[in-house]
Amino acid sequence: MPARTIHPDTLLSIKVGCVMTRNQFTQNPAPVMVELRSTAGNRLDILAAEVGRFIGFYDDQYTHTLVDALRAEFTDLDLQPHIELGQRRRNTGTHSTQGYAAPGSRN
């Protein structure tokens, strides 16, 4: 059976997201901006989606330094729809199977 591979766009999204989550508590965001642009290359669509979702999901008192820098750095990208998606995802709540009992199981 052939191995399944990750689509290159998905892999790039993961890499861009990892740069931000790895640095989310930074007090020096300048090198993060350089790394993000370098990682994304010419894929500004993926960069906009990942940056916007990060801003929408992670914006709080602990990450404001990075979030503010992201907003200032990427004014050339249309982040707003992605920010809104990140906010919706943050406010969705957690998913759980707690309390679920399959038919015929002992609970």
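First, a word on what this report is: a plain description of the structure on this page. (Residues numbered from 1 in each chain as written. Predicted model: local features only at pLDDT ≥ 70, side-chain atom pairs only at ≥ 80, totals over all residues. Heavy atoms only, no water.)

Turning to the overall build of the protein, a few remarks are in order. For the protein, the count of helices and strands is five helices and zero strands. Reading the protein from its N end, one meets helices and strands in the order α-α-α-α-α. For the protein, the C-alpha radius of gyration of 17 Å lies well beyond 13 Å, the compact-globule estimate for 107 residues. Sorting the 107 residues of the protein into buried and exposed places 33% on the buried side. Contacts in the protein between residues at least 24 apart in sequence constitute 74% of all its contacts with a sequence separation of at least 6. About 7,400 Å² of surface is accessible on the protein, with carbon and sulfur atoms providing 53% of the total. Counting 11 positive and 11 negative side-chain charges, the protein places the centres of these two groups 11 Å from one another. (Helix = DSSP H or I, 4+ residues; strand = E, 2+ residues; numbered from the N terminus. Rg over C-alpha atoms; globule rule 2.2 N^0.38 Å. Buried < 20%, exposed > 50% of the residue type's maximum accessible area, 1.4 Å probe, protein only. Contact = heavy atoms within 4.5 Å. Areas by Shrake-Rupley, 256 points an atom, 1.4 Å probe, with all protein chains shown as cover. Lys, Arg positive; Asp, Glu negative; His and termini not counted. Charge placed at Lys NZ, Arg CZ, Asp CG, Glu CD.)

A separate point is helix α3 (residues 44-58). Here α3 is 15 residues long and its end C-alpha atoms lie 20 Å apart, about the 21 Å a rise of 1.5 Å per residue gives. All of the buried residues in α3 are Ile-46, Leu-47, Ala-48, Ala-49, Glu-50, Val-51, Gly-52, Phe-54, Ile-55 and Gly-56. (Expected span 1.5 Å × (residues − 1).)

Attention now goes to the packing of helix α2 (residues 30-40) against helix α4 (residues 64-73). For the pair α2 and α4, the least separation of the axes is 10 Å and the interaxial angle reads 55 degrees. One way to sum up the angle between α2 and α4 is to call them oblique. Relative to α4, α2 is oriented so that their crossing is right-handed. Contacts between α2 and α4 involve Val-32, Met-33, Leu-36 and Arg-37 on the former and, on the latter, Leu-66, Ala-69, Leu-70 and Glu-73. Class assignment for the residues of the contact of α2 with α4 results in six nonpolar, no polar and two charged. (Axes fitted to C-alpha atoms, helices over the stretch in contact; angles between N-to-C directions. Parallel < 35°, antiparallel > 145°, perpendicular 65-115°, else oblique. Left-handed = near helix turned anticlockwise from the far one by under 90°. Nonpolar A, V, L, I, M, F, W, Y, C, P; charged D, E, K, R; others polar.)

Here we come to the packing of aromatic side chains. This model, assessed by the stated rule, comprises two aromatic pairs. Judged by centre distance (5.0 Å) and plane angle (65 degrees), the ring pair of Phe-57 and Tyr-58 falls under edge-to-face. Owing to a relative accessible area of 27%, Tyr-58 belongs among the partly exposed residues under this scheme. Taken together, Phe-54, Phe-57 and Tyr-58 form an aromatic cluster joined through their ring pairs. (Phe/Tyr/Trp six-rings, centres within 6.5 Å; stacked < 30°, edge-to-face > 60°.)

Locating Gly-17 in the fold gives a position in helix α1 (residues 8-22). Overall, Gly-17 belongs to the buried group, its relative accessible area being 14%. Between the alpha carbons of Gly-17 and Val-51 there is a distance of 7.6 Å; along the sequence they are 34 residues apart.

Following the criterion strictly, the structure yields seven salt bridges and no others. Note that Glu-73 and Arg-37 form a salt bridge whose closest N and O atoms lie 3.2 Å from each other. Of this pair, Glu-73 sits in helix α4 while Arg-37 is found in helix α2, placing the two residues 36 residues apart along the sequence. Take Arg-37: its relative accessible area is 30%, and that puts it in the partly exposed class. One salt bridge in this structure joins Glu-50 and Arg-53, with 2.4 Å as the shortest N-O distance. One end of the pair, Glu-50, and the other, Arg-53, are both in helix α3, three residues apart, so they sit about a helical turn from each other. Among the residues examined, Glu-50 registers a relative accessible area of 13% and is labelled buried. Arg-53 gets classed as partly exposed once you look at its relative accessible area, which sits at 23%. Taken together, the shared-partner salt bridges in this structure form one network comprising Asp-9, Arg-43 and Asp-45. (Salt bridge = Lys/Arg side-chain N within 4 Å of Asp/Glu carboxyl O.)

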